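# Summary of structural features
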Amino acid sequence: MKVKFWGCRGSLPASVTHDNIEYKVRFALEKAIRLGVQSSSALDEFIRDLPFHIRSTYGNNTPCVEILGGNEIVVCDAGSGLRDLGRYLVSQPFSGPRVVNILVSHLHWDHIQGFPFFIPAYMQGTVIRIWGCHDGLESAFVNQQNPPCFPVLLEDMGANIRFHPLDLHGPNQIGGLKVTAIEQPHPGLTYGYCFEQDGKKIVYSTDIEHQDEVEDPMNPYVQFYRDADILIMDCQFNLADHLYTKQNWGHSSNLIAIELGVISKAKTLCLFHADPFLDDLQLDKFLQDSRRYHQIYAPDSEMEILLAYDGMEVEC
Ligand SMILES: [Zn+2]
Ligand SMILES: [Zn+2]
């Protein structure tokens, strides 16, 4: 199985500012001058050695995560990253009807706002199944395209778009994958999803506020996350944010995500739903701090910690 991240920001798309770009260019050029880089053939190695926040970006899109390995397209959430997935899909040759399954964690705008810009939804012959556990699933998608919010009604988009309730109590089969769901604390509730195939397990658990229940042996999330090959976890905040200013805002800290990842023996933890107010430099530091805490909290743990960025692929 494989995960491809199309959108990783929480709450709102993030912008890359003029200042951000100028900082990156200046940093790289000053380093090139210092090192005496003289030929374009040396550039590949030079760029590879630059810090991630200089040579790349964590991206701007709100949540959209593709789960690959089944026999249909399977996507978690329809944030603005769905627009880029749509552009990619229509650039690829395909034969026969295309089926896209979208599992929605919840109906906050950052998780559905990409759907009106999903090009395959305008193409006859495409089948789109939107799955979720909320009663208002269909009306949320319909309403965001009703006047005066958007010029095209959902019913006029062209594809065959259907809404399907997910069974919270039993495994569901979606696109060749076994899918189970769990209810999560967040304003208005959210649902986490576990995908399994051929002994591999990927968990998508975003917009969840873990409090201090981490060490509780009855914690249902430890069981849900248990032995995940890839655990994608909300950690919009650092500990200080979470404790002092943003408690009950519905998101977790990186420290709690790490502790839960270690306790549930996840192999790779992907920190997700990044704060849109943080720039690439601040996010690089967030990742370094997270890895440092992991070393202190569980020195023997071999869990890999990544900070998800738009375009990142992780295989298991
Ligand atoms: Zn969100
Ligand atoms: Zn939310």
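Residues numbered from 1 in each chain as written. Chains lettered and ligands numbered in written order. Predicted model: local features only at pLDDT ≥ 70, side-chain atom pairs only at ≥ 80, totals over all residues.

### Notes on the overall build of the protein
Quick note on the threshold: To qualify as a helix, a DSSP run of H or I must reach at least 4 residues; to qualify as a strand, a run of E must reach at least 2; elements of each kind are numbered from the N terminus. Note that the radius of gyration is over C-alpha atoms, with the globule rule given as 2.2 Å times the number of residues to the power 0.38. Partly exposed residues are those whose C-beta has more than 12 but fewer than 20 other C-beta atoms within 10 Å; 20 or more makes a residue buried and 12 or fewer makes it exposed, with C-beta atoms placed from the backbone.
The helix and strand inventory of the protein stands at nine helices and 14 strands. The C-alpha radius of gyration of the protein comes to 20 Å, within 12% of the 20 Å expected for a compact globule of 316 residues. C-alpha extents for the protein along the principal axes are approximately 60 × 50 × 40 Å. For the protein, with 316 residues in total, the buried portion stands at 41%.

### Some points on the sheet that holds strand S13 (residues 304-307)
We apply this condition: Any two strands are treated as partners once DSSP identifies two or more bridges connecting them. The axes are straight lines fitted to the C-alpha atoms, using for helices just the contacting stretch, and the angles between their N-to-C directions are given from 0 to 180°. By definition, residue pairs are in contact when their C-beta atoms, positioned from the backbone, come within 7 Å.
In space, the seven strands of this open sheet follow the order S7-S8-S9-S10-S11-S12-S13, with mixed pairing throughout. Unpaired on one side and paired on the other, strand S7 (172-174) and S13 mark the two borders of the sheet. Each strand of the sheet is rotated relative to its neighbour by a mean of 25 degrees, with strand direction disregarded. Here seven bridges tie strand S8 (residues 177-184) to strand S9 (residues 190-197), and the two strands are oriented antiparallel to one another. Its bridge partner lying in S9, Val179 is registered against Phe195. With respect to the sheet, helix H8 (residues 254-263) is in contact with strand S11 (230-234), strand S12 (268-272) and S13, its orientation differing from that of S12 by roughly 160 degrees. Helix H9 (residues 280-297) contacts S12 and S13 of the sheet and is inclined by roughly 165 degrees relative to S13.

### Overview of the domain arrangement of the protein
Many analyses report the size of an interface as the accessible area lost when the parts associate. For the record, the criterion: Domain start and end points were adopted from an automatic or database domain assignment. In this classification, the charged set is Asp, Glu, Lys and Arg, the nonpolar set is Ala, Val, Leu, Ile, Met, Phe, Trp, Tyr, Cys and Pro, and all remaining amino acids, among them Gly, are polar.
Each assigned domain of the protein is listed with its residue range as follows: domain 1 (2-14 + 63-309) and domain 2 (18-55). The distance between the C-alpha centroids of domain 1 and domain 2 comes to 33 Å. Listed as interface residues are five residues of domain 1 and, on the opposing side, four residues of domain 2. Its residues assigned to classes, the side of domain 1 that touches domain 2 comprises two nonpolar, no polar and three charged.

### Here we look at the nonpolar core
Across soluble globular proteins, you tend to see nonpolar side chains buried next to one another. Rules: Joined through C-beta atoms within 7 Å, a set of buried Ala, Val, Leu, Ile, Met, Phe, Trp, Tyr and Cys residues constitutes a nonpolar core.
Judged by nonpolar contacts, the single largest core of 73 residues is most densely connected at Val65, Leu231, Ile232 and Leu271. Leave out the neighbours within four places in its chain, and Val65 touches Val3, Phe5, Trp6, Val75, Cys76, Asp77, Tyr204 and Ile232.

### Digging into the pairing of strand S3 (residues 73-76)
Of the pairings in the sheet, the one linking strand S2 (residues 64-68) to S3 comprises two bridges and is antiparallel in character. In the strand pairing of S3, Glu66 is matched with Val75. Here S2 hands over to S3 after four residues, with Gly69 in that stretch at a positive phi of 135 degrees. The sheet contact formed by S3 and strand S4 (residues 99-103) spans four bridges and is parallel. The partner of Ile73 across the bridge, within S4, is Val100.

### Concerning unusual backbone geometry
Pro147 connects to Pro148 through a cis peptide bond whose omega is 5 degrees. If you trace the backbone, Pro148 turns up in the loop between helix H5 (137-143) and strand S6 (160-165). Phi angles above zero are rare outside glycine, and Leu189 is one such case at about 70 degrees. Phi at Asp227 is positive, roughly 60 degrees, even though this residue is not glycine. Within the secondary structure, Asp227 sits in the loop between helix H6 (220-225) and S11.

### Looking at the environment of Val90
Here Val90 shows up in helix H4 (residues 81-91). For Val90, a count of 15 C-beta atoms within 10 Å corresponds to the partly exposed category. For the pair Val90 and Pro120, spaced 30 residues apart in sequence, the C-alpha to C-alpha distance is 7.0 Å. Setting aside residues no more than four positions away along its own chain, Val90 makes contact with Ile119 and Pro120.

### A short note on helix H1 (residues 18-35)
Test applied: In a helix, the anticipated span is given by 1.5 Å times the number of residues less one.
Here H1 is 18 residues long and its end C-alpha atoms lie 26 Å apart, about the 26 Å a rise of 1.5 Å per residue gives. For H1, the tally of buried residues reaches only one of 18 residues, placing the bulk of the element at the surface. Phi for Gly36, located one or two positions after H1, is positive at around 70 degrees.

### Topic: H4
Buried residues of H4: Gly81, Leu82, Arg83, Leu85 and Gly86, and no others. In this structure, the buried side of H4 is in contact with strand S1 (2-7), S2 and S3.

### Regarding the sheet that holds strand S5 (residues 127-132)
Pairing is mixed across the open sheet formed by seven strands, whose spatial order is S6-S5-S4-S3-S2-S1-S14. Among the strands making up the open sheet, the edge pair consists of S6 and strand S14 (313-315). Within the sheet, the average angular offset between the axes of one strand and its neighbour, ignoring direction, is 20 degrees. Sheet topology places S4 next to S5; five bridges connect them, and they run parallel. When the sheet's bridge partners are listed, Val99 is paired in S5 with Val127. Seen against the sheet, H4 touches S1, S2 and S3 and runs at an angle of roughly 115 degrees to S1.

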